[in-house]
Amino acid sequence: MERLTTIAEARAVSRAARAADRRVVLVPTMGALHEGHLALVEQAGDEGDVVVVSIFVNPTQFGPDEDYEAYPRTLETDEETLRRQGRATHVFAPTVQEMYPDGPAAQRTTVSVNQLTDTLCGAVRPGHFDGVTTVVSMLLHIVQPHVAVFGQKDAQQLAVIRRMVRDLHLPVDIVAVPTVRESDGLARSSRNAYLTPEERAQAPALYEALSAAATAVQQGELQVGPLVRRMQAILADAPLVHPQYIEVVDARELSPVERLQPGQRILLAVAVYFGDTRLIDNIPLTVPTRT
Ligand code: PAF
């Protein structure tokens, strides 16, 4: 596995692979790799021949009061993890200077997907998705993959990127990988490392709340009010959990729904704080049709 740090190197690898008729797959990450990322890389290995894992903590997607400085940077360990797994062929780990030569604040071009970014995390993290779509389009232009792999864990990010690719006719297939969970249901996330033992003990409440609402939908509940109240009640039983949002939205448009339609794809989504640590989780599902 080779480390690439410059845009020129990444372009050269992609160009050579394409010239040799090999499929290039990109897995964009911010590092601090865990089982969730490894599932993406595993899928990437099944999708193509040259698997580039980008590791870049992108400054433009963090708000001024967010954890950009504190975000774990563990490049050597990440490379070792990928080497052990044996599916990645390249790590693309550019510096901030390489990606934003005049500094992130001097960037004058932003890729912005509207409406889909007005709800859920977009509503509470202004500018976050502009940072994500801008850096992902930079990465797609640099690595020029046939396929890019993203996790369902960041459901809004996935929907926004799918929409960007569709609207801009970008020549890449987006492949989604289901959320990887701990044995107690907690979704794997780099931010889980910030949790205290007491917070960690209460963290499965997120998946418990989402699962209870999903079960209610499977059993025929079509009103959103009772679903949200059910999730609120479960989260209220975990005193260290401070919900930021608890929502039921249309899975494609990410717009809030009041009454579910049979056959509709929906997303049950929560964001909570444990102290300063913010965790998100979701369950996508199709509302059953009555027979
Ligand atoms: O999901 C992430 O880790 C980031 O948002 C991404 C897609 C790598 C862009 O920086």
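Being a predicted model, the structure only gives us computed values, none of them experimental.

Pairing is parallel in the open sheet, where six strands are placed in the order S1-S4-S3-S2-S5-S6. Since the sheet does not close on itself, it has two edges, and those belong to strand S1 (2-4) and strand S6 (173-177), each with one partner. Each adjacent strand pair in this sheet contributes to an overall mean axis angle of 25°, direction not counted. Sheet contacts for helix H1 (residues 7-19): S1, strand S2 (24-29), strand S3 (50-55) and strand S4 (90-92); angle to S1, the most-contacted strand, approximately 125°.

Our focus in this paragraph is the nonpolar core. Ranked by internal contacts, the top residues of the largest apolar core, which has 45 residues, are Phe92 and Leu140. Considering every element that reaches this core, the biggest residue donor is helix H6 (residues 128-143), with nine residues. If near-sequence neighbours (up to four positions away) are discounted, Leu140 is found in contact with Leu26, Pro145, Ala148, Met164, Val165, Leu170 and Val172. Of all hydrophobic cores here, the second largest spans 34 residues; its members include Ala203, Ala212, Leu222 and Met231.

Another point: the site of the ligand. Looking at the ligand, the residues that line it are Pro28, Thr29, Met30, Asn58, Gln61, Val132, Val135, Val136, Phe150, Asp154 and Gln157. The separation between an oxygen atom of the ligand and a polar side-chain atom of Gln157 is 2.7 Å. Look at the ligand: alone it shows 290 Å² of surface, and the protein chains cover 89% of it. Residue assignment for the shell around the ligand shows that the elements contributing at least two residues are S2 and H6. At three residues, the largest contribution of residues to the shell around the ligand is made by H6. Across the shell around the ligand, the residue classes tally to six nonpolar, four polar and one charged.

Here we come to the packing of aromatic side chains. This structure, assessed with the given rule, holds three aromatic pairs. Centroid distance Phe56 to Tyr100: 6.3 Å. Interplanar angle 35°. Geometry classified as tilted. Of this pair, Phe56 sits in the loop between S3 and helix H3 (75-85) while Tyr100 sits in the loop between helix H4 (96-99) and helix H5 (120-124); the two residues are 44 residues apart in sequence, bridging distant segments of the chain. The two residues Phe56 and Tyr100 agree in class, both being buried. Cluster of aromatic residues (ring-pair linked, three or more members): Phe62, Tyr68 and Tyr71. Cation over ring: Arg73 sits above Tyr68, and NZ or CZ is 4.7 Å from the ring centre.

Attention now goes to the pairing of strand S9 (residues 277-286). The buried fraction of S9 is high, at eight of 10 residues. Bridge count between strand S8 (residues 265-274) and S9: 10 bridges; the pairing is antiparallel. Note that in S9 the partner of Val270 across the bridge is Asp281.

Here the second largest pocket is characterised by a volume of approximately 360 Å³. In terms of lining residues, the second largest pocket is bounded by 14 residues, among which Leu158, Ala159, Arg162, Ala251 and Arg252 are the most central. Of all elements in the fold, only helix H7 (155-167) and S8 reach the threshold of two or more residues within the lining of the second largest pocket. Sort the elements by how many residues they give to the lining of the second largest pocket and H7 lands first, with six residues. Residue classes in the lining of the second largest pocket are distributed as eight nonpolar, one polar and five charged.

Here we come to the pattern of salt bridges. Taken as a whole and assessed by the stated rule, the structure comprises 12 salt bridges. With a shortest N-O distance of 3.3 Å, Glu182 and Arg188 are connected by a salt bridge. Residue classification places Arg188 among the partly exposed residues on the basis of a relative accessible area of 24%. By sharing partners, the salt bridges in this structure join Arg3, Glu76 and Glu79 into a single network.

Position of Thr81 relative to the elements: it lies in helix H3. For Thr81, a relative accessible area of 15% puts it in the buried group.

Here H1 is 13 residues long and its end C-alpha atoms lie 18 Å apart, about the 18 Å a rise of 1.5 Å per residue gives. When we look at burial in H1, the residues that qualify are Ile7, Ala10, Val13, Ser14 and Ala17. In a view along the axis of H1, the buried residues occupy a sector of 130°, so they form one face of it. Seen from the open side of H1, the exposed residues pointing more than 90 degrees away from its buried face are Ala8, Arg15 and Ala19. Its buried side turned inward, H1 meets S1, S2, S3, S4, H4 and H6. A positive phi of about 65° marks Asp21, the residue just after H1.

Calculation rules
Residues numbered from 1 in each chain as written. Predicted model: local features only at pLDDT ≥ 70, side-chain atom pairs only at ≥ 80, totals over all residues. Heavy atoms only, no water. Pairing = 2+ DSSP bridges. Helix = DSSP H or I, 4+ residues; strand = E, 2+ residues; numbered from the N terminus. Axes fitted to C-alpha atoms, helices over the stretch in contact; angles between N-to-C directions. Contact = heavy atoms within 4.5 Å. Core = buried A, V, L, I, M, F, W, Y, C linked by side-chain atoms within 4.5 Å. Buried < 20%, exposed > 50% of the residue type's maximum accessible area, 1.4 Å probe, protein only. Near = heavy atom within 4 Å. Polar contact = N/O pair within 3.5 Å; in protein donor to acceptor, adjacent residues only side chain to side chain. Areas by Shrake-Rupley, 256 points an atom, 1.4 Å probe, with all protein chains shown as cover. Nonpolar A, V, L, I, M, F, W, Y, C, P; charged D, E, K, R; others polar. Phe/Tyr/Trp six-rings, centres within 6.5 Å; stacked < 30°, edge-to-face > 60°. Lys NZ or Arg CZ within 6 Å of the ring centre and 35° of its normal. 1 Å grid on protein atoms, 1.4 Å probe; cavity = no way out; pocket = protein on both sides within 12 Å on 5 of 7 lines; lining within 4 Å. Points joined across faces, edges and corners; volume = space filled by probe spheres on them. Salt bridge = Lys/Arg side-chain N within 4 Å of Asp/Glu carboxyl O. Expected span 1.5 Å × (residues − 1). Arc of directions from axis to C-beta.

Note that every value here comes from positions in space, so none of it alone points to a role or purpose.
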